[in-house]
Number of protein chains: 2
Amino acid sequence: MSELVLTTFDWVPELPRGFVRDLRVRWALEEAQLPYTVESVPFGERSAEHFAHQPFGQVPWLRDGDISIFETGAIILHIGELSERLLPREPKLRSQAIEWLFAALNSVEMASLPWGLFHFWGKTGDTAFPQFESFLKASRLKHMETVLAGGEWLAGSFSVADILMADVLRLVDRFGGLVEYPACSTYLALATSRPAFKKAYADQMAHFARGDAARNAG
Amino acid sequence: MSELVLTTFDWVPELPRGFVRDLRVRWALEEAQLPYTVESVPFGERSAEHFAHQPFGQVPWLRDGDISIFETGAIILHIGELSERLLPREPKLRSQAIEWLFAALNSVEMASLPWGLFHFWGKTGDTAFPQFESFLKASRLKHMETVLAGGEWLAGSFSVADILMADVLRLVDRFGGLVEYPACSTYLALATSRPAFKKAYADQMAHFARGDAARNAG
């Protein structure tokens, strides 16, 4: 197997720490028990080489031999292909894990991210906010509550889908959005109590703390 | 190969016609030249069976033998697995098509859908709107413009990624958002001039027109 190299920023401001998307990749790699190294690119000045790996100038990307992959969803799916621990090989369960992986990103996060941006930007007083909140709650979380009340993980056993769904729900929880959804809250607590999540989270925080130290020394 | 059955609504209001997500699936199936049939579920009253296939009560879903798949991204990826016409088998190109498929949904649509909702809901006067517009334009379309100026399709030849990216850009174009992005506009025009898109679009419009006729007769 080729060496896996995860690239993230060298530093980010306090606010997004613990939520930078390399966390999803670290978590998946820890769950899959695949060895990897972490490299950094400057948060400040983004080079042409950075854009060659990530066309929107964001992070993360993952190198696996001569393949370089951007988009967290694509990276997580790739890690699933490398490890049965995260993506079942049985066709029905595999299909279920993949459809829920997309649901986490394209149904739930599609509603939760704009809702979160209203919070980040201090715009929850805007007249559009109640419609965005209803998009998240009535059209998404209400149904996730039914699904998650019915079983522990989204595709039988813990999978790529749960990494993405749990991390998406973390942002909702950060702004108090899960209060009315006990099954979602229980699911999130269970997912984030996993040792692989805890290690990924601690590693991201330590990585950016080293970035602080380098800045202060510089 | 099993029979492929696409399920969509029997009818929708005028506004979303031509943009209901079964279009993406129809387009992919037409490009792949795979035979399929179309079934309908009521737009009005959504049954427990509907939710069993699509947990958010939306459409579409695709049945392939005993597997039923929801989430357009997952369905399109599945169709790609069935047809090399839409998903190259060479590992680097395959990876490129999959990362761009996710980019269409999770980077571009993540910004374009909220922007579109402000338009749909008549809320572009809200104070949050300029920030959402900048999220779409400065953080996404500006970079897509660079990418699309460099080549015809996202992964060498036309692929699953182009179906999703083009359909995402259609919504932006509907509200005049591509005016400053000539490469995005040219890409969209090229994608939607393909016979498979035209057939998919005409078939969706005819499907909902039959829904009108059934309502009027009912």
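Conventions we followed
Here the residue numbers are simple positions, counted from 1 along each chain's written sequence. Going through the entries in the order they are written, you letter the chains from A and number the ligands from 1. Where local features are concerned, this predicted model is filtered to residues with pLDDT of at least 70; where side-chain atom pairs are given and counted, the filter is 80 or more; whole-chain, interface and lining totals use all residues. Think of the side-chain values as coming from all heavy atoms in the structure, minus any hydrogens and water. In this text, helices come from DSSP runs of H or I with a minimum length of four residues, and strands from runs of E with a minimum of two, each type numbered from the N-terminal end. Taken over C-alpha atoms, the radius of gyration is set against a globule rule of 2.2 Å times the number of residues to the power 0.38. Contacts are residue-level and defined by heavy atoms, with any inter-residue pair within 4.5 Å sufficient. Strand pairing is defined by DSSP finding a minimum of two bridges between the two strands. Lines fitted to C-alpha atoms define the axes here, with helix axes fitted over just the stretch in contact, and angles between the N-to-C directions of these axes take values from 0 to 180 degrees. The fit set for superposing copies consists of C-alpha atoms from residues with pLDDT of at least 70 in both; the fit itself is least squares. What fixes the domain bounds is an automatic or database domain assignment. The term buried area refers to how much accessible surface (probe radius 1.4 Å) is lost by two components on association, counted for both of them together. UniProt positions are given in the numbering used here, feature names are shortened, and annotations may be inferred rather than shown by experiment. Salt bridges are identified by distance alone: a Lys or Arg side-chain nitrogen within 4 Å of an Asp or Glu carboxyl oxygen. Within 3.5 Å is the distance limit for a polar contact, defined as a pair of N or O atoms, with the added protein rule that one can donate a hydrogen and the other accept it, and that residues adjacent in sequence qualify only through two side-chain atoms. When residues are sorted by character, Ala, Val, Leu, Ile, Met, Phe, Trp, Tyr, Cys and Pro go into the nonpolar class, Asp, Glu, Lys and Arg into the charged class, and all the rest, Gly among them, into the polar class. Put simply, a nonpolar core is a bunch of buried Ala, Val, Leu, Ile, Met, Phe, Trp, Tyr and Cys residues held in one set by side-chain atoms that sit within 4.5 Å of each other. A 1.4 Å probe rolled over the protein chains alone gives each residue an accessible area, and that area as a share of the maximum for its type sets the label: buried under 20%, exposed over 50%, partly exposed in between.

Across its full length, chain A holds 8 helices and 4 strands. In sequence order, the secondary structure elements of chain A are arranged as β-α-β-α-β-β-α-α-α-α-α-α. Taking 218 residues into account, the globule formula puts the C-alpha radius of gyration at 17 Å, and chain A, at 18 Å, falls close to it. C-alpha extents for chain A along the principal axes are approximately 45 × 45 × 30 Å. The long-range fraction of contacts in chain A, counting pairs at least 24 apart against all pairs at least 6 apart in sequence, stands at 71%.

In this section: the sheet that holds strand β2 (residues 36–41) of chain B. All names here are of chain B. What the 4 strands build is an open sheet, ordered β2-β1-β3-β4; its pairing is mixed. Every interior strand has two partners, whereas the edge strands, β2 and β4 (67–70), have only one. Ignoring strand direction, the axes of neighbouring strands in this sheet form an average angle of 25°. Note that strand β1 (residues 4–9) and strand β3 (residues 61–64) share 4 bridges and pair antiparallel. Residue pairing for β3: Leu6 is matched across the bridge by Leu62.

Here we take up the relation of the copies chain A and chain B. Aligned on chain B, chain A shows an RMSD of 0.0 Å; the corresponding rotation is 180° and the shift along the axis is 0.0 Å. Look at the turn and shift together and you get a two-fold axis relating the two.

Before going further, it helps to spend a moment on the domain arrangement of chain A. All names here are of chain A. With domains assigned, chain A is organised as domain 1 (4–85 + 196–211) and domain 2 (91–194). For domain 1 versus domain 2, the distance between C-alpha centres works out to 21 Å. Domain 1 puts 19 residues into the contact, and the matching count from domain 2 is 22 residues. Around 1,800 Å² of area is buried between domain 1 and domain 2 when both sides are counted, 60% of it from carbon and sulfur atoms.

Below, the discussion takes up the UniProt feature "domain: GST N-terminal" (unreviewed entry) in chain A. When the UniProt feature table is mapped to this numbering, "domain: GST N-terminal" (unreviewed entry) covers residues 9–87 of chain A. Between the end C-alpha atoms of residues 9–87 of chain A there is a gap of 28 Å, over a span that is 35% helix and 19% strand.

Each partner contributes to the interface: chain A provides 48 residues, whereas chain B provides 48 residues. Both faces combined, the contact of chain A with chain B buries some 4,100 Å², and carbon together with sulfur accounts for 66% of it. Inspection of the region where chain A meets chain B yields 2 salt bridges. A:Lys92 is paired through a salt bridge with B:Asp66; the nearest N and O atoms lie 4.0 Å apart. Our enumeration of links across chain A and chain B arrives at 14 residue pairs in polar contact (both at pLDDT 80 or more). Every element with two or more residues in the side of chain A that touches chain B is listed here: β4 (67–70), α3 (72–82), α4 (91–120) and α5 (129–149) of chain A. No other element matches α4(A), which puts 20 residues into the side of chain A that touches chain B. When the residues that make up the side of chain A that touches chain B are grouped by side-chain class, the tally is 27 nonpolar, 10 polar and 11 charged.

The subject of this paragraph is the nonpolar core. A:Ile79, A:Leu169, B:Ile79 and B:Leu169 are the most contacted members of the largest nonpolar core, which totals 152 residues. A:Leu169 has contacts with A:Val108, A:Leu141, A:Leu148, A:Leu178, A:Cys184, A:Tyr187 and A:Leu188, leaving out every residue within four places of it along the chain.

At the junction of A:Val59 and A:Pro60, the peptide bond is cis and its omega measures out at 0° in the coordinates. Here A:Pro60 shows up in the loop between α2 (48–53) and β3 (61–64). Residues other than glycine seldom take positive phi values, yet A:Glu71 does so here, at roughly 75°. Topologically, A:Glu71 is positioned in the loop between β4 and α3. Positive phi, normally seen in glycine, also occurs at B:Gln33, with a value near 55°. Assignment of secondary structure puts B:Gln33 in the loop between α1 (22–32) and β2. Assessed through its relative accessible area of 56%, B:Gln33 is described here as exposed.

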